[in-house]
Each structure stands twice: as structure tokens, then as C-alpha cells.
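One-letter residues, chain by chain:
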2 protein chains.
Amino acid sequence: MEIKATNITWHAGVITAEDREKLLKQKGVVIWLTGLSGAGKSTIARELEKRLYDMGHLSYVLDGDNIRHGLNRNLGFSPEDRKENIRRISEVAKLFADAGVITITAFISPYREDRDNARKLLPEGKFVEVYVKCPLEKCEERDVKGLYKKARAGEIKEFTGISAPYEPPVNPELVIDTDKLSLDESVEMLLNYLNQKGIIAAN
Amino acid sequence: MEIKATNITWHAGVITAEDREKLLKQKGVVIWLTGLSGAGKSTIARELEKRLYDMGHLSYVLDGDNIRHGLNRNLGFSPEDRKENIRRISEVAKLFADAGVITITAFISPYREDRDNARKLLPEGKFVEVYVKCPLEKCEERDVKGLYKKARAGEIKEFTGISAPYEPPVNPELVIDTDKLSLDESVEMLLNYLNQKGIIAAN
């Protein structure tokens, strides 16, 4: 990048993704949590963020709270808008990973194609697909946000698991069965994976 | 955030923007560079990033290179699309600042209203508007990317400064006159500002 101003050559430095990883002592990756509403994605995301923070690592959670009311507030729930919702999230997650941040996304993201597109944006090994698995009956039983009740009553249309499909990952990096594991066990699984892959240093 | 799984209460930790700022020893802010094509925005952004890196600070540049071919690749150059382009960039910059990153945006962003909307997304003091000022004649003389030539030939429609307006900031935090300052002097101005405001510690 070079421009000339009053005969002074302007030439700027170049910092790479690797440089930022060195600074942060971690790899920039996307940890993509997918699963039914109520499976525990957001809770796992927040607890993982907390544990990483306590270890001195920078992570950031992208979820409905900070995306739907901001970047994607001009999107609805039509099939095209749902697709565009996940596409934008994927692109933002890519930027965060490029910045060196351990990026955790917590969205139902029910379609394989959308998740595969997210994976394609990232270099090999930088996309960690995590299936947060829980039987529909259990999610519906928990019904933390009361959404299943509304979906059954027909007040919410095309609700994943009830009136819209969920396509489980075929070959995810991790499966976390929240019907069997505690929150601590779930997050330990993730931390072990990140350690093994050299994304964070062994603690 | 609380859910129950097999009688185990799930309750996740909460990490705040302030926590991340403590970890990174810096404030998460948006440094919004605005100015004509060829004024030096990208070069200043990259050099500022380099200088911050050498001081141990994490910054990230959002510019045409990583936005137009990614997040905003489904946008054209109609007035609505230009507005949506800047809106999405503003929302992403907000997320980066929330993550604790010194976020540097380098877009012409010719309209006051769009920049003011970006400012409104951020807490007081976290939006630093920087007018990268350079006379049109100088930008056109440099014409690094050959765009002015094309604009004059009518090959590019609605080109800022030629066939579309540029609205200079009314009350920017900084004005950098790249027709008079060297790149080093320009970046020093920015670093001094960040120091004075406690965004980075004095070096």
C-alpha cells in the first residue's frame, strides 16, 4: 500500500492474523454451536467464555442477543432471511477469528448447507462444529423461554423441531450430549479439544 | 441464564466488556476514519494497526478488502445499499469494540447521517471520528487506484467528490490533514489521542 503526499512516500506496515495470534497466545477460531432451542448452546457459550477468560484468553460470543437486535435487525424469519442471518453471522465470525479471537457462535443454525458454508469461509482447522445434542422431549420439557409452548399452540410458525426441520451435523468436531453431561463436563470437553488442537496452551 | 438438565442446575458465568478491557489492557473503541478516496484512510489504518501491535495492543481494521467481498458482498452501490453497507459496518464495529478490540474502520462514509448513526451505537467516548482530510485535487492527482480517472470518464457513476457529495464531519474528534502531514505524523496524532483518553496506556 503506497501513496505519495507532498513528496513523502507513504507506506504502511502489515499485521497478519498470525501476528495477532502471537500477541494473544491463542489461535483465532470459530466454535460453532448448533442444536435445538433449549439444548444449552448459549449457556455453554457463556460458561466457556468465562473459563477461557479465567485462563487469560480472549473469546467473544455471538448469539441472538447481540446479533438479532443489531446487525440482523432488518431480517425476519422467512427462509431467505434465515439463510442471510446465518450467512452474515458466518462472515462476522470469520472476521473475529481473523482478529485472533476465540469466537463462539450460539445459534440453532438448523441447516447443514448453511453450516457448511460457514466452514468454507475459514482455513482448515479453524472451524469447530459442535453439536449440542439433546432430545426434543427434554428441550420441550425445559422450555426455558416458553417457546415450545407457543410453537405447539401455533403462535410461532416454523419452529425448529416442531414445525421446521433440524438437520444434525454429519461429522461435527464434537458432540455434547447435554441430556447426560453437566455444564462443567460439557465445557471441559470443549477446553480439552482446544488444548489438544493447540488453540489454547495447556493450562 | 439458567436451565435444568437431569436435575443439575446449569448456570453460566458472565464476562463483560469491562472484563475484556482489563484482560487486554486497553479500551474497546471504534476509530472511524472518513474522507475522500485517496485521502489516506487505509494507509493510516494499517500503520496505526502496526504501531499499536508493536506496543502490545490488539486492533483490527475493517475496510473494503475484508467487508465488500464478505459480509457485504450482496450489496451494490445504490443509495439504499450504500446506507446498508455503512449500517452493517457500524454494527460489526460495535461488536468488535464490545470484544475489547481497538477497531479501525476505513471507508469513505460520505454521509453525516450514517456516521452519526454509527456513533449512536456506541457508549460515550467509544466512537472516535477522524476526518482524513485532503483536497480533492490532491486525491485526484495521486489517484492510486485509477478511480478518479474512471469517474471523470463516466465509467464509474456517483463517485464521491466527482459525481456524488462528501459531507465533511462537523465536529470530529480529530482532523488529519494528509496534504500537510507525513504518515508518521498522522499516526502520532492518533496515538497521542488514544493515550490522552486512556484508551491505551502511556508508552
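Residues numbered from 1 in each chain as written. Chains lettered and ligands numbered in written order. Predicted model: local features only at pLDDT ≥ 70, side-chain atom pairs only at ≥ 80, totals over all residues. Heavy atoms only, no water.

Draft legend 1. How the structure looks around the nonpolar core. Within the largest apolar cluster, 42 residues are counted, with the highest numbers of intra-cluster contacts made by Leu62, Val92 and Phe96 of chain A together with Leu62, Val92 and Phe96 of chain B. Elements with a contribution of two residues or more to this core: β3 (29-34), β4 (59-63), α3 (64-71) and α4 (79-98) of chain A together with β3 (29-34), β4 (59-63), α3 (64-71) and α4 (79-98) of chain B. Apart from residues lying up to four places away in sequence, valine 92 of chain A is in contact with Leu62 and Leu71 of chain A together with Leu71, Val92 and Leu95 of chain B. (Core = buried A, V, L, I, M, F, W, Y, C linked by side-chain atoms within 4.5 Å. Buried < 20%, exposed > 50% of the residue type's maximum accessible area, 1.4 Å probe, protein only. Helix = DSSP H or I, 4+ residues; strand = E, 2+ residues; numbered from the N terminus. Contact = heavy atoms within 4.5 Å.)

Draft legend 2. Quick peek at helix α2 (residues 41-54) of chain B. Residues and elements named next belong to chain B. For α2, built from 14 residues, the straight-helix expectation of 20 Å at 1.5 Å per residue is met to within 8% by its first-to-last C-alpha distance of 20 Å. Most of α2 sits out of view: ten of its 14 residues are buried. Backbone geometry just downstream of α2 places glycine 56 in the positive-phi region, at approximately 90°. (Expected span 1.5 Å × (residues − 1).)

Draft legend 3. A look at the relation of the copies chain A and chain B. For the pair chain A and chain B, the best superposition has an RMSD of 0.0 Å and corresponds to a rotation of 180° with a translation of 0.0 Å parallel to the axis. Taken together, the rotation and translation describe the operation of a two-fold axis. Most of the interface of chain A is mirrored in chain B, where 98% of its interface residues are also at the interface. (Least-squares fit on C-alpha atoms with pLDDT ≥ 70 in both.)

Draft legend 4. View of the environment of tyrosine 148 of chain B. All names here are of chain B. For tyrosine 148, the location among the structural elements is in helix α7 (residues 147-152). Exposure remark for tyrosine 148: the relative accessible area of 1% places this residue in the buried category. Separated by 119 residues in the primary sequence, tyrosine 148 and valine 29 have C-alpha atoms spaced 32 Å apart. Residues in contact with tyrosine 148, not counting those within four places in the same chain, are Leu36, Ser37, Leu136, Cys139, Glu140, Asp143, Phe159, Thr160 and Ile162.

Draft legend 5. Representation of the sheet that holds strand β6 (residues 127-133) of chain A within the structure. All names here are of chain A. Read from one edge to the other, the open sheet built from five strands follows the order β4-β5-β3-β6-β7, with strand pairing classed as parallel. Looking at the sheet topology across the chains shown, the edges are occupied by β4 and β7 (174-177). Neighbour-to-neighbour, the strand axes of this sheet turn through a mean angle of 20°, independent of strand direction. Pairing analysis gives four bridges linking β6 to β7, with the strands arranged parallel. Within the sheet, the bridge partner assigned to tyrosine 131 lies in β7 and is valine 175. Contacts from α4 reach β3, β4 and β5 (102-106) within the one sheet, and its direction differs from that of β3 by about 145°. (Pairing = 2+ DSSP bridges. Axes fitted to C-alpha atoms, helices over the stretch in contact; angles between N-to-C directions.)

Draft legend 6. The interface of chain A and chain B, seen in detail. Listed as interface residues are 58 residues of chain A and, on the opposing side, 57 residues of chain B. Approximately 4,900 Å² of surface area, both sides summed, lies buried where chain A meets chain B, with 69% of it carried by carbon and sulfur atoms. Contact with chain B buries surface across chain A, with Trp10, Tyr53 and Leu95 of chain A losing the most and accounting together for 15% of the total. Taken together, chain A and chain B are joined by six salt bridges. Of the charged contacts, one joins arginine 88 of chain B and glutamate 84 of chain A as a salt bridge, the two residues approaching to 3.8 Å between their closest N and O atoms. When grouped by side-chain class, the residues that make up the side of chain A that touches chain B number 24 nonpolar, 16 polar and 18 charged. (Buried area = accessible area lost by both parts, 1.4 Å probe. Salt bridge = Lys/Arg side-chain N within 4 Å of Asp/Glu carboxyl O. Nonpolar A, V, L, I, M, F, W, Y, C, P; charged D, E, K, R; others polar.)

Draft legend 7. Representation of the pairing of β3 of chain B in the model. Residues and elements named next belong to chain B. Taking burial as the measure, the six residues of β3 include six buried ones, the bulk of the element. Residues Val29, Ile31 and Leu33 line one face of β3 and the alternating positions Val30, Trp32 and Thr34 line the opposite face, and both faces are buried. In terms of strand pairing, β3 meets strand β5 (residues 102-106) through five bridges, oriented parallel. Counterpart to valine 29 in the pairing with β5 is isoleucine 102. Pairing analysis gives five bridges linking β3 to strand β6 (residues 127-133), with the strands arranged parallel.

Draft legend 8. A look at the pattern of salt bridges. As enumerated under the stated definition, the model contains 38 salt bridges over all chains in all. In this structure, arginine 87 of chain A and glutamate 84 of chain A form a salt bridge, with 2.8 Å as the shortest nitrogen-oxygen distance. You can see arginine 87 of chain A and its partner glutamate 84 of chain A sitting in helix α4, three residues apart, about one turn around the helix. One continuous salt-bridge network, built from bridges that share partners, spans Glu84, Arg87 and Arg88 of chain A together with Glu84, Arg87 and Arg88 of chain B.

Draft legend 9. Geometry of α4 of chain A. Between its first and last C-alpha atoms α4 of chain A spans 29 Å; for 20 residues at 1.5 Å apiece the expected length is 28 Å, and the two agree. Phi for glycine 100 of chain A, located one or two positions after α4 of chain A, is positive at around 100°.

Draft legend 10. Structural detail: the sheet that holds β6 of chain B. Residue and element names in this part refer to chain B. The strand order across the open sheet built from five strands is β4-β5-β3-β6-β7, with neighbouring strands paired in parallel fashion. Edge strands, defined here as strands with exactly one partner in the open sheet, are β4 and β7 (174-177). Shown here is a sheet whose adjacent strand axes are inclined to one another by a mean of 20°, direction ignored. Summarising the sheet, β4 and β5 pair through five bridges and their orientation is parallel. Bridge pairing in β5 places serine 59 opposite isoleucine 102. Running over the sheet, α2 touches β3, β4, β5, β6 and β7 and is turned about 165° from β4.

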